[in-house]
Amino acid sequence: MKLSQKALKAINNPVTRRRLMDVLGCTEFTIARYIQKNSDNLTKAAALQVIREATKLPDEEILEVETK
């Protein structure tokens, strides 16, 4: 599962990145890399909770279903 482009743009700011750092226990550089590569780590429960609170988007707009 990946984040939508809309969600990635919405979380790519210092305040949200800092909150993601706290819940995922990693550095700002790592969060920036997760956002750039649309890492699965951004779909962990704790990260999704931060993303929901920060963006106010419904899950349908945050998550993108991967097609094979």
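By the naming in an unreviewed UniProt entry, the protein is HTH cro/C1-type domain-containing protein, taken from Niastella koreensis.

For the rest of this paragraph, the subject is the side chain of arginine 17. Here arginine 17 is to be found in helix H2 (residues 14–24). In this structure the side chain of arginine 17 is engaged in a polar contact, spanning 2.8 Å, whose partner is the side chain of asparagine 12. Excluding residues within four positions of it along the chain, arginine 17 makes contact with Ile11, Asn12, Glu28, Ile31 and Ile35.

This brings us to H2. Given 3.6 residues to a turn, an α-helix orients residues that are three or four positions apart in the same direction. For H2, the full list of buried residues reads Thr16, Arg17, Leu20 and Met21. Angular distribution of buried residues about the axis of H2 spans 145°; they occupy a single face of the element. In H2, the exposed positions that point more than 90 degrees away from the buried face belong to Val15 and Asp22. Residues of H2 that are buried in the fold lie against helix H1 (5–11), helix H3 (28–37) and helix H4 (45–55). Just downstream of H2 lies glycine 25, where phi reads positive at about 65°.

Conventions we followed
- Residues numbered from 1 in each chain as written.
- Predicted model: local features only at pLDDT ≥ 70, side-chain atom pairs only at ≥ 80, totals over all residues.
- Heavy atoms only, no water.
- Helix = DSSP H or I, 4+ residues; strand = E, 2+ residues; numbered from the N terminus.
- Polar contact = N/O pair within 3.5 Å; in protein donor to acceptor, adjacent residues only side chain to side chain.
- Contact = heavy atoms within 4.5 Å.
- Buried < 20%, exposed > 50% of the residue type's maximum accessible area, 1.4 Å probe, protein only.
- Arc of directions from axis to C-beta.

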